[in-house]
Amino acid sequence: MKSSHGTFAAIVWIVAGTMLYNTEPEAKLFSWQTPVFFVLGMFVAAAVLGSLSYAGVRGLTYALVSARIVTAPTRRAQIGLTVVGYVIFAAQVVLIYLVAKWTIRSLFQIDGPE
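The structure displayed is predicted, hence computed values, not measured ones.

This part covers the packing of aromatic side chains. Counted under the stated rule, the structure contains six aromatic pairs. Measuring from centroid to centroid gives 4.7 Å for Phe8 and Phe89, while their planes differ by 75°, and the two rings are edge-to-face. Residue Phe8 is located in helix α1 (residues 2-23), and its partner Phe89 is located in helix α3 (residues 75-107); the two are separated by 81 residues in the primary sequence. With relative accessibility at 24%, the residue Phe89 sits in the partly exposed group. Measuring from ring centre to ring centre gives 5.0 Å for Phe37 and Phe38, while their planes differ by 90°; the resulting arrangement is edge-to-face. An identical accessibility class is assigned to Phe37 and Phe38; each is buried. Put simply, the rings of Trp13, Tyr21, Phe37, Phe38 and Phe108 pair up and form one aromatic cluster.

So, in structure tokens, the structure goes:
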């Protein structure tokens, strides 16, 4: 399961980077920053943000069981944990996009409103 979080983070990094390269006029595709952003950034996103997402899911599950909110593996608990998992994945997408945007702005030294 941990590898799926890293894979998801890497895919979102690539998609967000592609979108940002198309929307930021200062970002140039043929530059030294591009392989740094996509190759190095993809691995860092998978390792750091994927691990953070995995820890969040595991920690939340542990907290729900410890607080006795989820006491048995019922259908209702399964649905609730699935919804919480999707919320965490959505939050991960937003976080990766913001980190990718900050990284592109830092690499290309873009000033101005974000």
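Below, the discussion takes up α1. Along its 22 residues, α1 runs 32 Å from first to last C-alpha, staying within 8% of the 32 Å computed at 1.5 Å per residue. Here α1 has its buried residues at His5, Gly6, Ala9, Ala10, Val12, Trp13, Ala16, Gly17, Leu20 and Tyr21. Packing partners of the buried residues in α1 comprise α2 (33-66) and α3.

This next bit is on the packing of α1 against α3. Put simply, α1 and α3 touch, their axes get as near as 9 Å, and they point 45° apart. By the criterion of interaxial angle, the relationship of α1 to α3 is oblique. Of the two elements, α1 crosses α3, and the hand of that crossing is right-handed. Facing His5, Phe8, Ala9, Val12, Trp13, Ala16, Gly17, Met19, Leu20 and Tyr21 of α1, the residues of α3 in contact are Phe89, Gln92, Val93, Ile96, Tyr97, Val99, Ala100, Lys101, Thr103 and Ile104. The class makeup of the residues in the contact of α1 with α3 is 15 nonpolar, four polar and one charged.

Reading the values: the criteria
- Residues numbered from 1 in each chain as written.
- Predicted model: local features only at pLDDT ≥ 70, side-chain atom pairs only at ≥ 80, totals over all residues.
- Heavy atoms only, no water.
- Phe/Tyr/Trp six-rings, centres within 6.5 Å; stacked < 30°, edge-to-face > 60°.
- Helix = DSSP H or I, 4+ residues; strand = E, 2+ residues; numbered from the N terminus.
- Buried < 20%, exposed > 50% of the residue type's maximum accessible area, 1.4 Å probe, protein only.
- Expected span 1.5 Å × (residues − 1).
- Contact = heavy atoms within 4.5 Å.
- Axes fitted to C-alpha atoms, helices over the stretch in contact; angles between N-to-C directions.
- Parallel < 35°, antiparallel > 145°, perpendicular 65-115°, else oblique.
- Left-handed = near helix turned anticlockwise from the far one by under 90°.
- Nonpolar A, V, L, I, M, F, W, Y, C, P; charged D, E, K, R; others polar.

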